[in-house]
Amino acid sequence: MKIHIFYRHFDISGTDGRRRPQWFDFEKCFKNLLNTIEGTQVNLNVIFDGHVEKNWINKYKDKFTTHEIKAGGDQSSFFQTWEIVKNSNIEDNDLIYFLENDYLHLEGWVDKVVELFEKYDLLHYISTYDHNDKYFANYDDLVSKIFITDTHHWRTTPSTCGSFIINRKLFDLDYDIHTTVVGDHNKFIDLYNNRQRMVITPIPGLSTHCVDRLLSPTINWEKINKK
């Protein structure tokens, strides 16, 4: 079982002015990804909005396959990424990881994701991110189903961001919704209500979205960022 990552990026460096941890940096996130997939069955694709040779990511070009697009915004780049995947030669039992450029990962995440898919016949969405907002905000009454593998716990959650893992079969089945519905939360509510799709996330997280107050809990992500 191979994981095909489709990493969406554009011409940016440092930080983007959002509510970020003070240690956050786009290039550090990418270097962390490269380190955590080294020696694994992962195929890395970078979907670059613009001309990749003008960006710092180009110095790692021997590590990935480049797909240049002209999107000019998040939603358009997402739709174009799905078109690229649709026309890619990916086996039915392989996994597809749609990944935004502001995530850090823990070492070993690849094996834990493969373990989950090997144990359960999943037609659901997997995020490696333990969403911190699901422990406060408007989720006081949230009830989750718990999944276990030999090495990790996983839970169901109502929605996730634009970074998630699915198999090729689910990609084909839900292609219509992902290429028409706008908004992450709206999309996953639609998928659950109409197709009974769940989002499954790890406890503790295997990655984090690098936004203040929303980091995956219980893990020192600043320390991970320094490796």
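Residues numbered from 1 in each chain as written. Predicted model: local features only at pLDDT ≥ 70, side-chain atom pairs only at ≥ 80, totals over all residues. Heavy atoms only, no water.

### Observations concerning unusual backbone geometry
Link 1 in the chain: Put simply, Ile203 and Pro204 share a cis peptide bond, and its omega is -5°.
Link 2 in the chain: Mapped onto the elements, Pro204 comes out in the loop between β10 (199-203) and β11 (207-209).
Link 3 in the chain: Phi is positive for Gln196, close to 60°, though the residue is something other than glycine.
Link 4 in the chain: Checked against the element boundaries, Gln196 lands in the loop between α6 (184-195) and β10.
Link 5 in the chain: At Arg213, a residue that is not glycine, the phi angle is positive and equals roughly 70°.
Link 6 in the chain: Secondary-structure assignment places Arg213 in the loop between β11 and α7 (221-226).
Link 7 in the chain: The exposure class of Arg213 is exposed, given its relative accessible area of 60%. (Helix = DSSP H or I, 4+ residues; strand = E, 2+ residues; numbered from the N terminus. Buried < 20%, exposed > 50% of the residue type's maximum accessible area, 1.4 Å probe, protein only.)

### What about the packing of aromatic side chains?
Given two aromatic rings, their pairing is described by the distance between the two centres and the angle made by the two planes.
Link 1 in the chain: The tally for this structure, following the rule as stated, stands at 22 aromatic pairs.
Link 2 in the chain: Geometrically, the ring pair formed by Tyr97 and Trp109 is edge-to-face, given 5.4 Å between the ring centres and 70° between the ring planes. Linking Tyr97 in strand β4 (residues 95-99) with Trp109 in helix α3 (residues 109-119), this pair joins segments that are twelve residues apart in sequence.
Link 3 in the chain: The buried category is assigned to Tyr97, whose relative accessible area is 1%.
Link 4 in the chain: Residue Trp109 is classed as buried on the basis of its relative accessible area of 0%.
Link 5 in the chain: Among the aromatic residues, those joined into a ring-pair cluster are Phe6, Phe78, Phe79, Trp82, Phe98, Tyr125, Phe164, Phe171, Tyr175 and Phe188. (Phe/Tyr/Trp six-rings, centres within 6.5 Å; stacked < 30°, edge-to-face > 60°.)

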